[in-house]
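# Observations on the model geometry
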Amino acid sequence: MPAPSLLVISLSPIHRDARVLRQLSVVAEFGRVTTVGYGPAPEGSDEHIEVPEGLSTLPQTPLGVLQLGLRRLRAAELSAPAVRWVLEALSGRRFDVVVANEARILALADRIADGAPIWADMHEWAPEERTHILSWRLLVAPLMDHLCREYLPRCAAVTTVGDRIGELYRSRYGVEARTMRNSSPYRDLPVGEVAEEAVRLVHSGAAVQGRNLELTIDVVSALPERFSLDLYLVPANDGGKYLDSLMERAPADGRIRFLAPVPPMSLPDTLNAYDLGVFWLPPVHTNGRLTLPNKYFDYVQARLGIAVGPSPEMADLTVRHGLGVVAEDFQQETLTASLRDITTEDVRGWKQHARQAARELSFEADAQVARDILGTLLTA
């Protein structure tokens, strides 16, 4: 009997998309995998169909914008240039399971699956993905809501990054969304030494407008000289303009440095040299309020303490495992005060707690969610 054929679609550069790479590592256990996305073939793929760079994943054509503006949402479902290209590239193909990443490709996945079961990994809360941008809120958000309402109930399985976002999908669309966190694979790394007169802060991620990294720079700038910050940032699709603005904002004393980004699988090794991973994201939208990102779990696997604001998903884990400090709000003064008086013993304790929590907060637990889903879909 031939191995099952599994299709993974993610209109992202899969080879550096940490969540999809982890997902793919499990999917590859179950059969022959075809991936569809931007960039070169990712590890774990048996066949990769590379979407041409420059094709938009949203209906950003004159006709598509008109359809969105007139709320002709059904007509807009498949009108994004990248979606149309994939539909043509996979014409006539059949798969045993289709894994669809994010809401914008739900109609595409439904068309390609042609009755085969679909696992929709929604990542975050799709209806408010970028509602801090007016054009997105007015034109794209209704399409995302339509796609979720129309196609999620048809999917055999739905996952998302956290329990609270899962509850949103349940209450609005009536689907049971299982939680598969953005956790990192378990790494057996040592707990690094802590210097007596220095606190080494670190932040890794993307330099994307809306994540308010200005706040992080301002907080660290206001801390005593014993605090330093290294940033490992991937430039956004803006030609690096936002990253340049952050560099200009940083003080000239050298306590804040911008370093070259590190591949996802290598991040914990690099971060292991630091003391505290920091992430303060004000709740400008639902996904910001309920964020539980890759970096949080990278910090744990790197055996770091963690400093966050009152983002409930991160705050819950930080308090439960004794991993670090949770500020009461996102005001710069409050965030600065949350770190100003921490001691060497505080940092040592948080790093030891990260070591104790590393296995529970690793991808090993979340991989089992994916295995359960695929095992069920392939035997249904």
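A brief look at the structure comes next. (Residues numbered from 1 in each chain as written. Predicted model: local features only at pLDDT ≥ 70, side-chain atom pairs only at ≥ 80, totals over all residues. Heavy atoms only, no water.)

## Re the overall build of the protein chain
In plain terms, the rule: Runs of H or I in DSSP of at least four residues are treated as helices and runs of E of at least two as strands, each being numbered from the N terminus. Note on method: radius of gyration uses C-alpha positions; expected globular size equals 2.2 Å times residues raised to 0.38. A 1.4 Å probe rolled over the protein chains alone gives each residue an accessible area, and that area as a share of the maximum for its type sets the label: buried under 20%, exposed over 50%, partly exposed in between. Pairs of residues are marked as contacts when any of their non-hydrogen atoms sit within 4.5 Å. In this description, accessible areas are obtained by the Shrake-Rupley approach with a 1.4 Å probe, and a residue is regarded as covered only by the protein chains that are shown. Two residue types count as positive, namely Lys and Arg, and two as negative, namely Asp and Glu; His and chain ends fall outside the count. A charge is said to be at NZ when it belongs to Lys, at CZ for Arg, at CG for Asp and at CD for Glu.
Along the protein chain, the regular secondary structure elements total 16 helices and 13 strands. In terms of overall size, the protein chain behaves like a compact globule, its C-alpha atoms giving a radius of gyration of 21 Å where 380 residues would be expected to give roughly 21 Å. Here the C-alpha coordinates of the protein chain stretch approximately 65 × 50 × 40 Å along the principal axes. A buried classification covers 54% of the 380 residues belonging to the protein chain. Restricting the contact set of the protein chain to residue pairs at least 6 apart, pairs at least 24 apart contribute 69%. If you sum the accessible surface of the protein chain, you get close to 16100 Å²; carbon and sulfur atoms cover 50% of it. For the protein chain, the distance from the average position of its 39 positive side-chain charges to the average position of its 49 negative side-chain charges is 4 Å.

## Regarding empty space enclosed by the protein
Basically, it comes down to this: Site definitions follow a grid-based scheme: protein atoms alone, a 1 Å grid, a 1.4 Å probe that fits but cannot get out for cavities, and for pockets an open set with protein on both sides within 12 Å along at least five of seven lines, plus lining residues having an atom within 4 Å of a point. Grid points are joined across faces, edges and corners, and a volume is the space filled by probe spheres set on the points. Each residue is assigned to one class: nonpolar for Ala, Val, Leu, Ile, Met, Phe, Trp, Tyr, Cys and Pro, charged for Asp, Glu, Lys and Arg, and polar for all the others, Gly among them.
With the rule as written, the count across this model stands at two cavities of 30 Å³ or more. Approximately 40 Å³ is the volume found for the largest cavity. In the lining of the largest cavity, the residues fall into seven nonpolar, one polar and two charged. In this structure, the second largest cavity occupies an estimated 30 Å³ of space. In terms of lining residues, the second largest cavity is bounded by Val194, Ala195, Glu196, Ala198, Val199, Arg226, Thr343, Thr344 and Val347. Broken down by class, the residue content of the lining of the second largest cavity amounts to five nonpolar, two polar and two charged.

## Regarding the sheet that holds strand 13 (residues 324-326)
Put simply, the rule is: Only when DSSP finds a minimum of two bridges between them are two strands counted as paired. With axes taken as lines fitted to C-alpha atoms, and helix axes fitted only over the stretch in contact, angles between N-to-C directions fall between 0 and 180 degrees.
Strands sit in the order 10-9-8-11-12-13 across an open sheet of six strands; the sheet is parallel. The strands lining the two open edges of the sheet, one partner per strand, are strand 10 (256-259) and strand 13. Averaged over all adjacent pairs, the angle separating strand axes in this sheet is 25°, with direction ignored. In this sheet, strand 10 lies alongside strand 9 (residues 227-235) in parallel orientation, the contact comprising four bridges. Paired with Asp230 across the bridge in strand 10 is Arg257.

## Re helix 12 (residues 294-301)
A large share of helix 12 lies buried, amounting to seven of its eight residues. Along helix 12, the residues classified as buried are Lys295, Tyr296, Phe297, Asp298, Tyr299, Val300 and Gln301. Directly beyond the C-terminal end of helix 12, a positive phi value near 65° is found at Arg303.

## Section: the pattern of salt bridges
Worth spelling out the cut-off: By convention in these notes, a salt bridge is any Lys or Arg side-chain nitrogen within 4 Å of a carboxyl oxygen on Asp or Glu.
Within the structure shown, the criterion is met by 25 salt bridges. Two residues, Glu176 and Arg170, come together in a salt bridge whose shortest N-O distance is 2.9 Å. Given the relative accessible area of 27%, Arg170 is considered partly exposed. One network of salt bridges, with partners in common, ties together Arg74, Glu77, Asp110, Glu150 and Arg154.

## A few points about the nonpolar core
The cut-off we apply is this: Only buried residues count toward a nonpolar core. Its members are Ala, Val, Leu, Ile, Met, Phe, Trp, Tyr and Cys residues joined through side-chain atoms within 4.5 Å.
One finds Leu106, Met122, Leu152 and Tyr169 to be the most contacted residues of the largest nonpolar core, which totals 52 residues. Per-element tally for this core: the top contributor is helix 6 (residues 134-151), with eight residues. When neighbours within four sequence positions are excluded, Leu152 is seen to be in contact with Leu106, Ala120, Met122, Leu147, Val158, Tyr169, Tyr173 and Val175. Ala207, Ile217, Leu243 and Val278 belong to the second-largest nonpolar core, a separate cluster that totals 31 residues.

## Considerations on the environment of Pro282
Mapping Pro282 onto the fold places it in the loop between strand 11 (276-279) and helix 11 (286-289). For Pro282, a relative accessible area of 14% translates into the label buried. For Pro282 and Ala109, which are 173 residues apart along the polypeptide, the C-alpha to C-alpha distance reads 33 Å.

## Digging into the packing of aromatic side chains
How we decide: A pair of aromatic rings is counted whenever rings of Phe, Tyr or Trp (Trp by its six-membered ring) have centres within 6.5 Å, and the orientation is called stacked for planes under 30 degrees apart, edge-to-face for over 60 and tilted otherwise.
Summed over the entire model, instances satisfying the criterion amount to five aromatic pairs. Their ring planes at 40° and their centres at 5.9 Å tell us that Trp125 and Tyr173 sit as a pair that is tilted. Of this pair, Trp125 sits in the loop between strand 5 (118-121) and helix 6 while Tyr173 sits in helix 7 (residues 163-173), and the two are 48 residues apart along the sequence. Relative accessible area serves as the criterion here: at 8%, Tyr173 is assigned to the buried category.

## Examining the packing of helix 4 (residues 81-89) against helix 5 (residues 106-113)
For any two helices packed against each other, one specifies the inter-axial angle together with the distance between the axes. Note the following rule: Just so you know how the angles are binned, under 35 degrees is roughly parallel, over 145 roughly antiparallel, 65 to 115 roughly perpendicular, and the rest oblique.
The N-to-C vectors of helix 4 and helix 5 enclose an angle of 10°; their axes lie 10 Å apart at closest approach. When the axes of helix 4 and helix 5 are compared, the pair comes out roughly parallel. The segment helix 4 lies against helix 5, with Val83, Val86 and Leu87 engaging Leu108, Arg111 and Ile112. Residue composition of the contact of helix 4 with helix 5, by class: five nonpolar, no polar and one charged.

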